[in-house]
Amino acid sequence: MRWLRDPLLVVEGLTMRFGGLVAIRDLSFSVGRGDITALIGPNGAGKTTVFNCITGFYKPTSGLMALSTGHPIDTEAVAALVASDRRYVCSDDRMGSDGLFLLERMPDFEIARRARVARTFQNIRLFPGMTVLENLVVAQHNTLMRASGWSLLGLIGAPQYVEAEKSAVDVARYWLDRIELLHRADDAAGALPYGDQRRLEIARAMCTDPVLLCLDEPAAGLNPRESLLLNTLLRTIRDEHGTSILLIEHDMSVVMEISDHVVVLEYGLRISDGTPESVRNDPRVIAAYLGVEDDEVACAEAEAGL
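Given the structure is predicted, the values throughout are model-derived calculations rather than measurements.

Help me understand the overall build of the protein in this model?
Counting its regular elements, the protein contains 14 helices and 11 strands. The globule rule puts the C-alpha radius of gyration for 306 residues at 19 Å, and the 20 Å found for the protein is close to it. Oriented by its inertia axes, the alpha-carbon framework of the protein measures out at about 70 × 50 × 35 Å. Burial status across the protein gives 50% buried among its 306 residues. Summed over its atoms, the accessible surface of the protein is roughly 14,400 Å², and 53% of this surface lies on carbon and sulfur atoms. Side chains of the protein carry 30 positive and 43 negative charges; the gap between the two charge centres is 5 Å.

Right under this line is the structure:
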């Protein structure tokens, strides 16, 4: 259970209020380094709100979200960082360097660039008029802009920019090969079938070299063949690149097949947390999805010895 032994991300006491509405209430869970963690629950459970907090789109009302890109999370180091007014501590000032980050204190662009957290959305957000290859190259704009000296070196074709541009194309072609779309590199992204666009969006996120990849319903609208290709891609990202994945998903066949760890929400509260098998058999999870009454939940828990 890597989420207990070696967490990449620790969320503690996360609460998100919108006026009088409490969308997330005192939520705590961990994402294991190198794990695929699924965040599931009925519609309206608060899953996307959690994503928006982790990626900086929302600033949580309260709570801690600590992410370590290098060494295991040290509770004393986290406490010292919380007590300071700093957002992170890095081994040096370079982007992508190892460090400890408090995501709740960071703006969204810093979470993506410095803490190396990438995400996709429920609705596909490719650049449909750009080619498939260009969609993956543009994801590497931070590296390319630094190599261009913020434009001047790129305009004159300086060797360091030419080399960085070649490297960006190589990375893009690598990911196109992994998602079996290299033959369509010069086609418009908007012309791809829906399932291919889904995988392209994930490949674009991977071009940013994230340590944590957040996927919001990646299997939504996919047919069985496309779901199988997605499962293969996510396992490749975990096993060959060591990238931790946090996904929201309603397709339980996908969740149970590829997840190492499952966290279940209902009305902003965590009701179950464990392996796919333990969560599948949890009467509270069954009750949440079937919509049974509270007294039936109590009966089911009694029968299960909970």
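Hey, could you run me through the nonpolar core in this one?
When a protein is soluble and globular, its nonpolar side chains tend to lie buried together. Grouped together as the largest cluster of nonpolar side chains are 49 residues, with contacts concentrated most on Leu176, Leu200, Leu213, Leu234 and Ile237. When residues in this core are grouped by element, the largest group, six residues, is from helix 8 (residues 159–178). Sequence-distant contacts of Leu176, that is, excluding residues within four places in its chain, are made with Val132, Leu133, Leu136, Leu181, Leu182, Ala185 and Leu200.

Sorry, what's going on with the environment of Gly34 here?
The residue Gly34 is located in the loop between strand 2 (21–32) and strand 3 (36–40) in this model. On the basis of relative accessibility, which here comes to 11%, the residue Gly34 falls in the buried class. Sequence separation of Gly34 and Ala288 is 254 residues, and the distance between their C-alpha atoms is 29 Å. Dropping the residues within four chain positions of it, Gly34 is found in contact with Arg2, Arg238, Gly242, Ser244 and Asp260.

When you look at the layout of surface pockets in this model, what are you seeing that I'm missing?
In this approach a probe as big as a water molecule rolls over the atoms, and the regions it shows empty are the leftover space. Roughly 1,100 Å³ of internal volume is contained in the largest pocket. Lining the largest pocket are 36 residues, with Ala112, Ala139, His141, Asn142 and Thr208 sitting closest to its centre. Elements that contribute at least two residues to the lining of the largest pocket include exactly helix 4 (108–113), strand 7 (117–119), helix 6 (141–147), helix 8 and helix 9 (194–206). For the lining of the largest pocket, the residue count by class is 18 nonpolar, nine polar and nine charged.

It is not clear to me how the pairing of strand 4 (residues 62–68) should be interpreted in this structure. Could you clarify?
In regular strands, side chains alternate between the two faces of the sheet. Buried residues dominate strand 4, accounting for five of its seven residues. Note: strand 4 against strand 6 (residues 99–102), three bridges, orientation antiparallel. Looking across to strand 6, one finds that Ser68 is bridged to Leu100.

Can you walk me through the packing of aromatic side chains in this structure?
The geometry of an aromatic ring pair comes down to the distance between the two centres and the angle between the two planes. Applying the stated criterion across every chain, the model contains four aromatic pairs. Ring geometry for Tyr174 against Trp175: centres 5.2 Å apart, planes inclined by 85 degrees, an arrangement best described as edge-to-face. Note on Tyr174: relative accessible area 32%, which makes it partly exposed. When its relative accessible area of 4% is taken as the criterion, Trp175 is described as buried. Its end group placed over the ring of Phe57, Arg119 keeps NZ or CZ at 5.1 Å from the ring centre. One cation-aromatic arrangement involves Arg125 over Phe121; the distance from NZ or CZ to the ring centre is 3.9 Å.

Any chance you could explain the pattern of salt bridges here in plain terms?
Pairing between side chains of opposite charge can happen when the charged atoms of each approach one another. One pass over the full model with this rule turns up 15 salt bridges. The shortest N-O distance in the salt bridge between Glu257 and Arg235 comes to 3.0 Å. Of this pair, Glu257 sits in helix 11 (residues 252–258) while Arg235 is found in helix 10 (residues 224–241), placing the two residues 22 residues apart along the sequence. Look at Arg235 and you get partly exposed, because its relative accessible area is 25%.

When you look at a nonpolar patch on the surface in this model, what are you seeing that I'm missing?
On the surface, Leu152, Leu155 and Ile156 cluster together into a nonpolar patch covering about 380 Å² of accessible area. Locating Leu155 in the fold gives a position in helix 7 (residues 152–155).

Calculation criteria
- Residues numbered from 1 in each chain as written.
- Predicted model: local features only at pLDDT ≥ 70, side-chain atom pairs only at ≥ 80, totals over all residues.
- Heavy atoms only, no water.
- Helix = DSSP H or I, 4+ residues; strand = E, 2+ residues; numbered from the N terminus.
- Rg over C-alpha atoms; globule rule 2.2 N^0.38 Å.
- Buried < 20%, exposed > 50% of the residue type's maximum accessible area, 1.4 Å probe, protein only.
- Areas by Shrake-Rupley, 256 points an atom, 1.4 Å probe, with all protein chains shown as cover.
- Lys, Arg positive; Asp, Glu negative; His and termini not counted.
- Charge placed at Lys NZ, Arg CZ, Asp CG, Glu CD.
- Core = buried A, V, L, I, M, F, W, Y, C linked by side-chain atoms within 4.5 Å.
- Contact = heavy atoms within 4.5 Å.
- 1 Å grid on protein atoms, 1.4 Å probe; cavity = no way out; pocket = protein on both sides within 12 Å on 5 of 7 lines; lining within 4 Å.
- Points joined across faces, edges and corners; volume = space filled by probe spheres on them.
- Nonpolar A, V, L, I, M, F, W, Y, C, P; charged D, E, K, R; others polar.
- Pairing = 2+ DSSP bridges.
- Phe/Tyr/Trp six-rings, centres within 6.5 Å; stacked < 30°, edge-to-face > 60°.
- Lys NZ or Arg CZ within 6 Å of the ring centre and 35° of its normal.
- Salt bridge = Lys/Arg side-chain N within 4 Å of Asp/Glu carboxyl O.
- Patch = residues over 30% accessible without salt bridge, like charges linked within 9 Å, V, L, I, M, F, W, Y side chains within 5 Å.

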